[in-house]
Amino acid sequence: MKSISPRINYLIRISAILFFLASCKDKQEAFSRKERLVDKVYPLLDTENSRWFFFSSASRPFGMVNLSPDTQINGAWGSGYRYTTDTVKGFSHIHAWQMSGLSVMPVTITGDKTNIFTDFYSEFGHDSESISPGYHSVVLNRYQIKAELTSTKRVGFHKYSFPENKKGNILFNLNTVLGPCENTGGVLEKTGNNELSGKLVAAPTNRRPKPLTVYFKIQFNVPITTVERDTGTGNYLVSLDTSGEAVLMKAGLSYTSTENAANNIQSELPHWDFNRVIEDSKDEWDGLLNRIKVEGGTEKTQRRFYTDLWHALQGRRIINDVNGAYPDNTGEQFRVGQLPLNADGTPKFNHYNSDSFWGAQWTINTLWGLVYPEIMNEFVNSLMQYYKDGGMVPRGPSGGNYTFVMTGASTTPFVVSAIQKGIVKDSLETIYKALKKNHMPGGMMGKAGYEHLTDTGGGLKYYLENGYIPYPLPEGTGFGGHQDGSGQTLEYAYQDWTLAQLAKKLKYTEDYDYFMKRAANYKNVFNKKAGWMAPREVNGKWKTGFDPYQYENGFVESNAAQSTWFVPHDLEGLAALMGGKEKVVEKLNDQFRSARELGFTSGNSHQVERHPEYSRIPINYGNQPSIQTAFIFNQLGRPDLTQYWSGKVVDRVFSDLTYSKGYNGDEDQGLMGSLAVLMKIGLFQMNGGTEDNPEYQIGSPVFDKVTIQLHKDYYPGEIFEIKTVNNGADNVFVNKVRLNNTPVKSYRIKHEDIIKGGVLQLEMSGKSNKGVAE
């Protein structure tokens, strides 16, 4: 055999080394891709039941732009992306609380182009879709156009691949019903060879009573040939010189001006690298998801967990521009406000549009406060900006204005929790003054849901004079929604208690005593004879024909059986009213047994919970009023029942990974996603973290190990770990608790202990120790 020359031998060895290194790199990249948490997210969860602001794909965390296909467009409910509807009706950029805008549709035209303005929908198939956080791709069957979507915070980025033999066009549906509101007054003009400018008005709704102008700037990577306006619809068809090239389109938004929309593009998306934006978006999502790392459980369990965590950062949207300009609609006249700026010209915080904080005390208060304190800090600053502009802290702003969504002063616990955790440290006296105003006549508490012009439906004068809000209200109905006196009484009493804790912190002794007295008003709607919280008339008599399972009979989005437990600030006092802890535990345990037969929720969506078949459930984990109930056992000396029932709820309500199920109720902008995360890592806060050095109650984690990365700008520790020993599907009971190897004598730990970092070790078992902890 002829020998191999040294040079050839050398080349062979080099090739082998390079092949080996390439293989290692491929394996490393594959491993990296496998370990990327953002890839575990399942955006289609529960999209069969989604509402306008529910679904997200081509968006950034809290982005002004939330770009995705719309398969239903008529109304806030049952609209946006609905999985079981097979027709795309446009790609719109704003899916927010009571806000919509800028719907576009790529089309090709055969025959008379005038028909395209009224007949442009296209079927699609899920087999041609690709969806992940920051990206959405779908093929429009009618036109054979592949549409790809991604975004920055304020800029939608589109990529359209048209058939080679077809000219590319974009239909701008600026005047249309779109989700929760009508888009009107839409205009579009060509302002350059590759550029368009425009605006539209998001018309008022019964929840957002003032119009909001959406300004936009459009830029293409190809020349614009024509811009045609249809006189019938008022919409526009833009034709492009595609020449077989994929069309890239940037759509920068602003609620203040087209100039700021252009500036948002220049600041956030100065290049045309579509794939780079996709990766940047995924990196941003991944960075937030990596704050909590879990080990153990099945792949499905982990995928559902990170989908829940992703939802916890959804729905609420930035409304300010890159330069800090924002829409202020709180006064008689619209104005452009300006956020305070850092030395480099960036805003010190972002301003937000948001659904209600109703139920936040058991959800985002705890999750954001522990894992995302910088987000909680931003939201407090934003809420205070509304106070500076309009004189009240909102409970759910939209379009730069108040909506008076839901009831009470639901942002008080949120803000107090941020202060008690040391997240917000400045201007505490000003914040207290702002919150107190909401609890007094003329403030937020006096208004029922969406009560814009009066402050009667909240029943505050009766609450102050009589110690409860009557049902029905003597003045009658028509003063907003949710005029459910006993439910309002319970809510106000809890919120008063949280404000009292801030008064105590600031040494406002008289205020503390005053609000603590009000916090006891919950006792005035407890009917001892019936054994439930109950509706009470203005004359002091209990409403006749009382049925504890009748939905919204004096209780907000709930029945008396569910809302009786809404006393998170004084469960021992509630137990005393109800005959003692043992009797209370037995009663609540029976309710859970009954609720289990109905799956712990009022049907599988918020839309059906009023149905007689579902509304009579005693515990409902599909809506906010009773989502704390599993942890009540912990507070009454039976942590084993908390561990048992919280596990059952997680398994039944928060474990699906399908388009048809997921939250089985009302996922209000991250609230239920947050709740699911907390229950799965085994941490909860009964009073929303509003007392001094807030307390966390320990539940039953579903994972072997949970590692929480603590934010270095807010907390002194680096990581906090929750480790379980002998965890498993049947081992749901926590028999021993150790914090940094020191026995914990209760199933509770303090905020200051967590934020120092360390290890919480839980020894799991299949046998209950009936409340005895070592």
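To keep things clear, this report deals only with the structure shown in the data block.

Thresholds, definitions, all that
- Residues numbered from 1 in each chain as written.
- Predicted model: local features only at pLDDT ≥ 70, side-chain atom pairs only at ≥ 80, totals over all residues.
- Heavy atoms only, no water.
- Helix = DSSP H or I, 4+ residues; strand = E, 2+ residues; numbered from the N terminus.
- Buried < 20%, exposed > 50% of the residue type's maximum accessible area, 1.4 Å probe, protein only.
- Contact = heavy atoms within 4.5 Å.
- Pairing = 2+ DSSP bridges.
- Axes fitted to C-alpha atoms, helices over the stretch in contact; angles between N-to-C directions.
- Parallel < 35°, antiparallel > 145°, perpendicular 65-115°, else oblique.
- Left-handed = near helix turned anticlockwise from the far one by under 90°.
- Nonpolar A, V, L, I, M, F, W, Y, C, P; charged D, E, K, R; others polar.

Observations concerning the side chain of Ser103
Here's step 1: Residue position: Ser103 is located in strand S5 (residues 99–107).
Here's step 2: Ser103 gets classed as buried once you look at its relative accessible area, which sits at 3%.
Here's step 3: Sequence-distant contacts of Ser103, that is, excluding residues within four places in its chain, are made with Lys89, Gly90, Phe91, Ser92, Leu171, Phe172, Asn173 and Leu178.

Some points on the sheet that holds strand S4 (residues 91–96)
Here's step 1: Reading across from one edge, S1-S2-S4-S5-S11-S17-S16 is the order of the seven strands in this open sheet, with antiparallel pairing throughout. What marks the edges here is a single partner per strand, and that holds for strand S1 (58–59) and strand S16 (224–229).
Here's step 2: Pairing analysis gives two bridges linking S1 to strand S2 (residues 66–69), with the strands arranged antiparallel. Each bridged residue has a counterpart across the sheet, and for Ala58 the counterpart in S2 is Leu67.

What about unusual backbone geometry?
A negative phi angle is the norm for most residues apart from glycine, just as the trans form is the norm for most peptide bonds.
Here's step 1: Residue Pro472 is reached from Tyr471 by a cis peptide bond, and omega for that bond is 0 degrees.
Here's step 2: Note on placement: Pro472 falls in the loop between helix H9 (460–466) and helix H10 (485–505).
Here's step 3: Positive phi values are uncommon outside glycine, yet Gln144 reaches one of about 55 degrees.
Here's step 4: With respect to the helices and strands, Gln144 occurs in the loop between strand S8 (135–140) and strand S9 (145–151).
Here's step 5: Given a relative accessible area of 49%, Gln144 falls into the partly exposed group.
Here's step 6: With phi around 65 degrees, Lys507 is a residue other than glycine that occupies positive phi space.
Here's step 7: Relative to the helices and strands, Lys507 resides in the loop between H10 and helix H11 (509–519).
Here's step 8: Classification of Lys507 as exposed rests on a relative accessible area of 69%.

Quick notes on the packing of H10 against H11
Here's step 1: Running from amino to carboxyl end, H10 crosses H11 at an angle of 160 degrees, the nearest separation of the two axes being 8 Å. Viewed along their axes, H10 and H11 adopt a mutual orientation that is roughly antiparallel. Crossing of H10 over H11 shows left-handed handedness. Where H10 approaches H11, its residues Ala493, Asp496, Trp497, Leu499, Ala500, Gln501, Ala503 and Lys504 are matched on the opposing element by Asp511, Tyr512, Phe515, Met516, Arg518 and Ala519.
Here's step 2: Looking at side-chain class alone, the contact of H10 with H11 contains nine nonpolar, one polar and four charged residues.

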